[in-house]
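Chain by chain, the residues run as shown.
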Amino acid sequence: MNFSKQYDAIKEIADQIYANPELGYKETKTKETIINYLKQVNPKIQLTDFSTTGFRTTLGNEDKPLHIAFIAELDAVYAPSHFRADPENGAAHNCGHYTQVAIALALYQQLFESKEYEQFDYNLSFIFAPAEEYLDLPYREKLREAGTIEHYGGKPEAMRLGVFDDIDLAICVHAIGGEFDKRTIEINCDLAGFLYKKYHFKGKATHAGFDPFSSVNAYNISTLFNTAVGLSRQQLDEKEQVRINPIVMDSDMSTNVIPNHITVGTDLRTQSVDYMKEVAERLDAAATGSAHALMGEVAIDTQMGYLPFKQDHYLSTFVAAAFEKNSTIEEMMNNNAISAAGDIGDLSYMMPCIQIGYSGFTGTIHGDDFIDVDPTFIYDEFPAFLAEVFNEMNGKIDKEKLYRRTYQDYVDLITSITDQQEK
């Protein structure tokens, strides 16, 4: 297949999306741009909408033993200081999702026009998912209250709606942060899961000069809690790559009044669910102990973010096999877990998933200067490599090595993490 002939059109689409970033569940212009291009390629294309701005389309509708999803993410990051941020919504494509979309379009066009997909022993659905970035939460909470969504993340919401019910495995791609001298891909890069904790410390207000003796200083309680968190880091398992970042989220303090309340919030990132639960219990114990030590109280809220992403190493063998036969990509990174997170972790609890990384960028991912610098690799050579991966998978995937859980299984797991005893 010749991806070079469509390179200019694909790059133009990518540049257009990059210049018009939108936040999750608001990607209306992005969706319109993609659909217009798909209809130019295939005027008879059938599309199914979901989750406000998400949609999917399938190549091959025959009765085949497997169904594979290729996922592209639509949303941008809230980064108003980025040099190409939208001045109205503060969004910027400094996570590289715009290139995912372009890669998906390049693949769809080549597979459709060449009819190569007809030779596959699987159907292939392209799923354009909204709201991967975990942000703009007040807006998403309004959507929840209105009954429009139930999950902040686009993939869990798609899971709820049954978008993946007929899918056996999923493939995603993602920009690799950092700069590389050689064109590089990455496999088996596990991601952390995360949740949010909010500790509402309650004290007793008095005049700070006249009668501090009968007060209970909520700020001091929060300081003791932060000290406990700092000292506890020595006990954290290094292989879990735990990340904790306590910040003051809410307070009402004056220099002449002892503060009677303060809210400290933190995210908690780990590489496994079990350790996430364990560290969450330690944080709760530190907060409760700090409150008791200074005669105060604490109320605790827990909000789930995303599950850890464990890449399916069996599926990655097909990527590795394609790399060994490829002559254009020079390096392949393998087995480098990081503490970043994504809602692909939630989907990977239901079914086998892989996320293939690709280089070609400069600047810091999620930073103010992030942009692609090797578009030929991203929009031409890397999609061609992915086509080779699809060919490697054709006729070779052993269904006995795949797994399946239900959406209810997922809900039960999330509930087991977030359910807390009243404190």
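The rules we used
Residues numbered from 1 in each chain as written. Predicted model: local features only at pLDDT ≥ 70, side-chain atom pairs only at ≥ 80, totals over all residues. Heavy atoms only, no water. Helix = DSSP H or I, 4+ residues; strand = E, 2+ residues; numbered from the N terminus. Buried < 20%, exposed > 50% of the residue type's maximum accessible area, 1.4 Å probe, protein only. Contact = heavy atoms within 4.5 Å. Areas by Shrake-Rupley, 256 points an atom, 1.4 Å probe, with all protein chains shown as cover. Phe/Tyr/Trp six-rings, centres within 6.5 Å; stacked < 30°, edge-to-face > 60°. Pairing = 2+ DSSP bridges. Axes fitted to C-alpha atoms, helices over the stretch in contact; angles between N-to-C directions. Expected span 1.5 Å × (residues − 1). Polar contact = N/O pair within 3.5 Å; in protein donor to acceptor, adjacent residues only side chain to side chain. Core = buried A, V, L, I, M, F, W, Y, C linked by side-chain atoms within 4.5 Å. Salt bridge = Lys/Arg side-chain N within 4 Å of Asp/Glu carboxyl O.

Participant: Give a description of the overall build of the protein chain that names residues and reports values.
Facilitator: When you go through the protein chain residue by residue, the secondary structure sums to 11 helices and 17 strands. With respect to the principal axes defined by its C-alpha atoms, the protein chain has extents near 80 × 50 × 45 Å. For the protein chain, the residues scored as buried account for 55% of the 423 residues in total. The contacts in the protein chain between residues at least 6 apart in sequence include a share of 80% that link residues at least 24 apart. Total accessible area on the protein chain is roughly 18,300 Å²; 47% of this is exposed by carbon and sulfur atoms.

Participant: Let's hear about the packing of aromatic side chains: which residues, and what values?
Facilitator: Within the structure shown, the criterion is met by 24 aromatic pairs. When the centroid spacing of 6.2 Å and the interplanar angle of 70° are considered together, the rings of Phe70 and Phe390 count as edge-to-face. Pair noted here: Phe70 is in strand β3 (residues 66-73) and Phe390 is in helix α10 (residues 375-393), with a separation of 320 residues, a long-range link. Classification of Phe70 as buried rests on a relative accessible area of 1%. Geometrically, the ring pair formed by Phe361 and Phe370 is stacked, given 5.0 Å between the ring centres and 15° between the ring planes.

Participant: Account for the sheet that holds strand β8 (residues 184-187), with residues named and values stated.
Facilitator: Read across the sheet, eight strands follow the order β1-β2-β6-β3-β7-β15-β8-β14 without closing on themselves; strand pairing throughout is mixed. A strand with exactly one partner marks an edge of an open sheet, and here the two such strands are β1 (48-50) and β14 (331-334). Going across the sheet, the axis of each strand differs from the next one's by a mean of 25°, ignoring polarity. Together, β1, β2 (54-59) and β6 (122-129) form the strand contacts of helix α2 (residues 28-41), whose direction differs from that of β2 by roughly 20°. Packed on one face of the sheet, α10 meets β3, β6, β7 (169-175), β8 and β15 (353-358) and runs near 150° to β15.

Participant: Kindly report on helix α3 (residues 97-114), identifying the contributing residues and their values.
Facilitator: Helix length check: α3, at 18 residues, gives a terminal C-alpha distance of 26 Å against a target of 26 Å (1.5 Å per residue), a fit within 8%. Buried residues dominate α3, accounting for 15 of its 18 residues. Positive backbone phi, approximately 60°, marks Lys115, located one or two places after α3.

Participant: Give a detailed account of the side chain of Asn326, specifying residues and quantitative values.
Facilitator: Structurally, Asn326 is set in the loop between α8 (313-325) and β14. Only 2.8 Å separates the side chain of Asn326 from the backbone nitrogen of Ile329, close enough to count as a polar contact. Those residues in contact with Asn326, other than ones at most four positions away along the chain, are Phe385 and Glu388.

Participant: Break down the nonpolar core for me, with residues and values.
Facilitator: Ranked by size, the top nonpolar core spans 66 residues in total, and within it Phe70, Phe126, Phe128, Phe382 and Phe385 carry the most contacts. Formed by 52 residues, the second largest nonpolar core is a distinct cluster that contains Cys172, Phe309, Ile344 and Ile417.

Participant: So what's going on with the pattern of salt bridges? Which residues, and what values?
Facilitator: Enumeration according to the criterion identifies 19 salt bridges in this entry. For Lys155, the salt bridge goes to Glu73, with nearest N and O atoms at 2.5 Å. Residue Lys155 is located in helix α5 (residues 154-160), and its partner Glu73 is located in strand β3; the two are separated by 82 residues in the primary sequence. With respect to class, Lys155 is no different from Glu73; both count as buried. Of the charged contacts in the structure, one is a salt bridge between Glu392 and Lys396, with a shortest N-O distance of 3.3 Å. By relative accessible area, Glu392 is classed as buried at 10%. When its relative accessible area of 43% is taken as the criterion, Lys396 is described as partly exposed. Each of Glu73, Lys155 and Asp343 takes part in salt bridges that share partners, so that together they form one network.

Participant: Go over the pairing of β2 with me, naming the residues and quoting the values.
Facilitator: Counting buried residues along β2, five of its six residues qualify, which places the element largely inside the surrounding structure. Where β1 lies against β2, three bridges are found, and the strand directions are antiparallel. Note on β2: the bridge partner recorded for Thr48 is Arg56. Hairpin remark: β1 followed by β2, antiparallel, with three residues in the connecting loop; positive phi at Ser51, about 50°. The pairing of β2 with β6 spans five bridges and is antiparallel.

Participant: Kindly report on the side chain of His93, identifying the contributing residues and their values.
Facilitator: Along the chain, the position of His93 falls in the loop between β5 (91-92) and α3. Residue His93 is classed as buried on the basis of its relative accessible area, which comes to 2%. With residues up to four places along the chain from it excluded, the contact list for His93 reads Ile17, Tyr18, Pro21, Leu74, Asp75, Ala76, Tyr98 and Phe370.

Participant: I'd like to hear about the environment of Gly24, residue by residue, with values.
Facilitator: Topologically, Gly24 is positioned in the loop between α1 (7-18) and α2. Taking the relative accessible area as the measure of exposure, Gly24 reaches 0% and is therefore buried. As a C-alpha pair, Gly24 and Ala340 span 316 residues in sequence and 18 Å in three-dimensional space. Leaving out residues up to four positions away in the same chain, Gly24 has contacts with Asp75, Ala131, Tyr139 and Arg140.

Take it as geometry only, folks, not as evidence of what the structure does.
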